[in-house]
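Chains, contacts and geometry: an overview
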Amino acid sequence: HQDTWVPLSPYYDERFFGYGKNKLQQTQHLYYRGYTFSVIPAVGFLFHLPHEKSIVAQEWMSKRNNGMHSLFSKYKRELNKRYGKKN
């Protein structure tokens, strides 16, 4: 007997890398597939401590994200075509 494992969410699109909107791409794909998102009532709290950007992040941002903004726009058009236009 062999178990078949299938992910519930789509895989990351490999065109997005580095600081290149990869997590945003996956979330957008889930939205287009009809997933809904909710805020879970806080039982505690979460905070983020500010820190300096790493050298890698600084280099990435200085290159205007290596075309990731325009690629993300193209990706959303692809999702519109595949799943139908969303607001």
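The coordinates are above.
A short tour of the structure in this document, coming up. (Residues numbered from 1 in each chain as written. Predicted model: local features only at pLDDT ≥ 70, side-chain atom pairs only at ≥ 80, totals over all residues. Heavy atoms only, no water.)

**Observations regarding helix H3 (residues 68-83)**
Its 16 residues place the ends of H3 22 Å apart at the C-alpha level, agreeing with the 22 Å of an ideal helix rising 1.5 Å per residue. The set of residues buried in H3 consists of Met68, Leu71, Phe72, Tyr75 and Leu79. Angularly, the buried residues of H3 cover 100° about the axis, an arc narrow enough to put them on a single face. Turned more than 90 degrees away from the buried face of H3 sit Ser70, Arg77 and Lys81, all of them exposed. Where H3 is buried, its residues touch helix H1 (22-32) and helix H2 (55-62). Looking one or two residues past H3, glycine 84 carries a phi angle of roughly 100°, positive in sign. (Helix = DSSP H or I, 4+ residues; strand = E, 2+ residues; numbered from the N terminus. Expected span 1.5 Å × (residues − 1). Buried < 20%, exposed > 50% of the residue type's maximum accessible area, 1.4 Å probe, protein only. Arc of directions from axis to C-beta. Contact = heavy atoms within 4.5 Å.)

**Remarks on the packing of aromatic side chains**
All told, the structure shown has 4 aromatic pairs when counted by the stated rule. Judged by centre distance (5.8 Å) and plane angle (90°), the rings of tyrosine 31 and tyrosine 32 are edge-to-face. The class for tyrosine 31 is partly exposed, based on a relative accessible area of 31%. Put simply, the rings of Phe16, Phe72 and Tyr75 pair up and form one aromatic cluster. Note that lysine 21 overlies the ring of phenylalanine 72, its terminal NZ or CZ placed 5.7 Å from the centroid. (Phe/Tyr/Trp six-rings, centres within 6.5 Å; stacked < 30°, edge-to-face > 60°. Lys NZ or Arg CZ within 6 Å of the ring centre and 35° of its normal.)

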